[in-house]
Amino acid sequence: MDMYLTLLQLLDSTVRLATPLLLACLAGLYSERAGIFDIGLEGKMLAAAFFSAAIAAITGNVWVGLMAGIGASLVLSAIHGIASITFRGNQLISGVAINFLAAGLTVLIAQAWFKQGGRTPSLIGNGRFEPITLPFAEALQGVPILGPLYYELISGHSILVYVAFAAVPFTWWLLFRTRFGLRLRAVGENPAAVDTAGVSVVGLRFAAVGICGILCGIAGAYLSTALQAGFVKDMSAGRGFIALAALIFAKWRPWHALYATLLFGLFGALETRPDIIEQLIGMKVQGQLLAALPYVMTVIILAGFVGKAIPPRAGGEPYVKER
Amino acid sequence: MDVMPKWAEVILVPLISLLLAAILSALVILAIGEDPMAAVKLMVTGALGSTYGWGYTLYYATNFMFTGLAVSIAFHARLFNIGGEGQAALGGLGVALACLYIPWPHWSLALIGAAVAAGLFGAAWAAIPAYLQAKRGSHIVITTIMFNFIAASLLNYVLVNVLRPQGSMDPATARFPEAVHLPTLHEMLAPFGIAFSKSAPANVSLLVAIAACVFLWFLIWRTRLGYEIRSFGHSESAAKYAGIAPVKIIMITMMISGALAGMMAINNVMGEAERLVLNSVEGAGFIGIAVALMGRSHPLGVFIAAILFGFLYQGGAELALWTTIPRELIVVIQALVILFTGALDNMVRMPLERVFLALRKRKEV
């Protein structure tokens, strides 16, 4: 029973750590499916994390904070869109620039506003997303096996976690069951065909980049207002790149994105609990190995040793109507 | 026929991009309630007003020359090597192993040995993504990003578990022996009667970096390999048709690129810290991207851009010391430079092309 509880706690923190990865991964999925590479996920998350925490700290209302975070992320998305769609610039270079812009500006503004060495004040009360206890969670806690599962694992997360998980079926439905989704995927494979059909390539790509901005905004807000209580410098800590890795790992598919981010979330959870691995497999695993594992696995997938990851065909190519 | 004359292409476009980046940076400084003119003045006196300032400016510039050249050569083959950070970290490991385990009789031999080790380690770290790109078609940008993180974990492991001296809590190697100490500019200039600041870290690797600039210019524009790299970058299919093997070009270009990034370690690890510490690269690998973009991938341009970024780095440190503006201002400026000279290049170029086209038409009438 004790072992079971430990396992549940481990899975619980897996879910917690997987949530920002999942949101960012889905964000990248929309963008890359529409043919816009986005290595600026990290920067957008970071900007959103700062503005959510800052505005939540000032207003005392986390929902206003969330909106501010999404807004900040959307501004960076717009820059990426203008650079890579309107001016047909290099999407990768634009992404790099956005990451640096966010890394620098967040600290600069944090210092100017709060004067606490590049962090926001700690969020309290309504300034944070509190865990939600689902109905009957406490009443059913006594039921063997399922009771604790419901109480520990499924109940007791912040609203954004449920939003992230709901975004998976929604994304699948939007991309694979609607006209918009068909067009969005087509614009990432063969924009000329979409253009011939009389649908705006530029409009679709901006829509995809916009959705990407919204999801990155939620991911960033989750980091600073739910996972932690406030913004600290560089708090996204490479999660945008792990999400990018998960996206490749999932081969640009929504349900697989969920599995990939849960797996990478589990690595993260295990990194903080080395004692559990030692119990399970009877030997010590270095934390650094676990930290590197998502990247190593992605390289192996990319190398095509375990099934081939084929990106959307028009990815990274600016669309030129007339040559 | 080009729309713009060459001087506009080489000088005007980068200059306007830079100006836009500067104006926006000034606005950022204004927005956080500081005076941009005072900030610039402080940066100039701090970075260029004394030999101490120059010593730091040139020390940073040396780092950026290596990483800028690394990104540049890859750009010539239309490869985006974003992995300079990881390659430089591995280069640091190569330098540390060479300095700690080989009893060098003199610093000059140690410098050659350490540079070779750094280059080999950096090249090896770049070779895997290069191979995957050439043979497996995996995107080099993604794999080099992944390799940056893998390098960080690897170095963390090696420093904590393997190279850390017994009894030390600090995740760093032992100090390198006295014999591998590289002469600093102070020591080099003293015999000529020039008094250079004693505490500035600029050292003999600056000369190696300048030599690397010259070497790269020669390689790209005066050798057969350079010609092959450039033609591969212009058109892969045409290069293939001309009998240039893509796999060979990708592998060689990326390994030269990785070796250059790795060789940065002779400056920061061997010349300055004299031991390998955690996160020794400090983002210089990424600044290489900005430097290469600003220098238009030309070694002379890289040289100038590296000094400019060295100035920004040292100036930024002075700003952080004397005002409330944090060091991160430099990261913002760097981002704006990358944005305007790289991603928004067409935004500057398109209106300029229109102007030149109009001018030419008027001449013809």
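The coordinates are above.
Peer 1: Sorry if this is basic, but what is going on with a nonpolar patch on the surface here?
Peer 2: On the surface, Phe136, Leu140, Val143, Ile145 and Leu146 of chain A cluster together into a nonpolar patch covering about 490 Å² of accessible area. For Ile145 of chain A, the position within the fold is in the loop between helix H4 (91–114) and helix H5 (146–154).

Peer 1: For this particular structure, what's the right way to read the pattern of salt bridges?
Peer 2: Pairs may arise between side chains of opposite charge once their charged atoms sit close together. All names here are of chain B. All chains considered together, the criterion is met by nine salt bridges over all chains. Linking Lys248 and Glu228 is a salt bridge whose minimum nitrogen-to-oxygen distance equals 3.5 Å. Note that Lys248 is positioned in helix H11 (residues 246–263) and Glu228 in helix H9 (residues 224–234), a separation of 20 residues in sequence. Put simply, Asp345 and Arg296 hold a salt bridge, and the shortest N to O gap is 3.4 Å. Here Asp345 is found in helix H16 (residues 345–364), whereas its partner Arg296 is found in the loop between helix H13 (284–294) and helix H14 (299–322), with 49 residues between them in sequence.

Peer 1: Honestly, helix H11 (residues 254–272) of chain A in this entry has me stumped. Any pointers?
Peer 2: It helps to recall that an α-helix has 3.6 residues per turn; residues three or four apart then point in one direction. With 19 residues, H11 of chain A extends 27 Å between its outermost C-alpha atoms, agreeing within 8% with the 27 Å of an ideal straight helix rising 1.5 Å per residue. If you check which residues of H11 of chain A are buried, you get Pro254, Ala257, Leu258, Ala260, Thr261, Phe264, Gly265, Phe267, Ala269 and Leu270 of chain A.

Peer 1: Would you mind showing me how to read the nonpolar core here?
Peer 2: Most often, soluble globular proteins have nonpolar side chains that are buried together. Residue and element names in this part refer to chain B. In terms of nonpolar packing, the biggest core is built from 219 residues, with Phe64, Val95, Met270 and Phe309 touching the most fellow members. Setting aside anything within four residues of it in sequence, one finds Phe64 in contact with Leu69, Ala284, Ile287, Val291, Ala306, Phe309, Gly310 and Tyr313. By size, the runner-up hydrophobic cluster in this structure holds six residues, among which are Val13, Val348, Leu352 and Phe356.

Peer 1: In this structure, what is going on with the environment of Thr184 of chain B? I would like to understand it.
Peer 2: Residues and elements named next belong to chain B. Structurally, Thr184 is set in the loop between helix H6 (140–162) and helix H7 (185–189). In this structure, the C-alpha to C-alpha distance between Thr184 and Gly84, residues 100 residues apart in sequence, is 25 Å. The contacts of Thr184, once residues within four sequence positions are left out, are Ala200, Ala202 and Asn203.

Peer 1: Honestly, the side chain of Thr173 of chain B in this entry has me stumped. Any pointers?
Peer 2: All names here are of chain B. Within the element layout of this structure, Thr173 appears in the loop between H6 and H7. Residue class for Thr173 comes out buried when judged on its relative accessible area of 3%. Separated by 2.9 Å, the side chain of Thr173 and the backbone nitrogen of Leu276 make a polar contact. Other than its neighbours up to four places away in sequence, Thr173 contacts Ala96, Leu100, Leu159, Leu163, Pro165, Arg275 and Leu276.

Peer 1: Would you take a moment to explain the environment of Val64 of chain A for this structure?
Peer 2: Structurally, Val64 of chain A is set in helix H3 (residues 62–86). We classify Val64 of chain A as partly exposed; its relative accessible area is 36%.

Reading guide: rules and limits
- Residues numbered from 1 in each chain as written.
- Chains lettered and ligands numbered in written order.
- Predicted model: local features only at pLDDT ≥ 70, side-chain atom pairs only at ≥ 80, totals over all residues.
- Heavy atoms only, no water.
- Patch = residues over 30% accessible without salt bridge, like charges linked within 9 Å, V, L, I, M, F, W, Y side chains within 5 Å.
- Areas by Shrake-Rupley, 256 points an atom, 1.4 Å probe, with all protein chains shown as cover.
- Salt bridge = Lys/Arg side-chain N within 4 Å of Asp/Glu carboxyl O.
- Helix = DSSP H or I, 4+ residues; strand = E, 2+ residues; numbered from the N terminus.
- Expected span 1.5 Å × (residues − 1).
- Buried < 20%, exposed > 50% of the residue type's maximum accessible area, 1.4 Å probe, protein only.
- Core = buried A, V, L, I, M, F, W, Y, C linked by side-chain atoms within 4.5 Å.
- Contact = heavy atoms within 4.5 Å.
- Polar contact = N/O pair within 3.5 Å; in protein donor to acceptor, adjacent residues only side chain to side chain.

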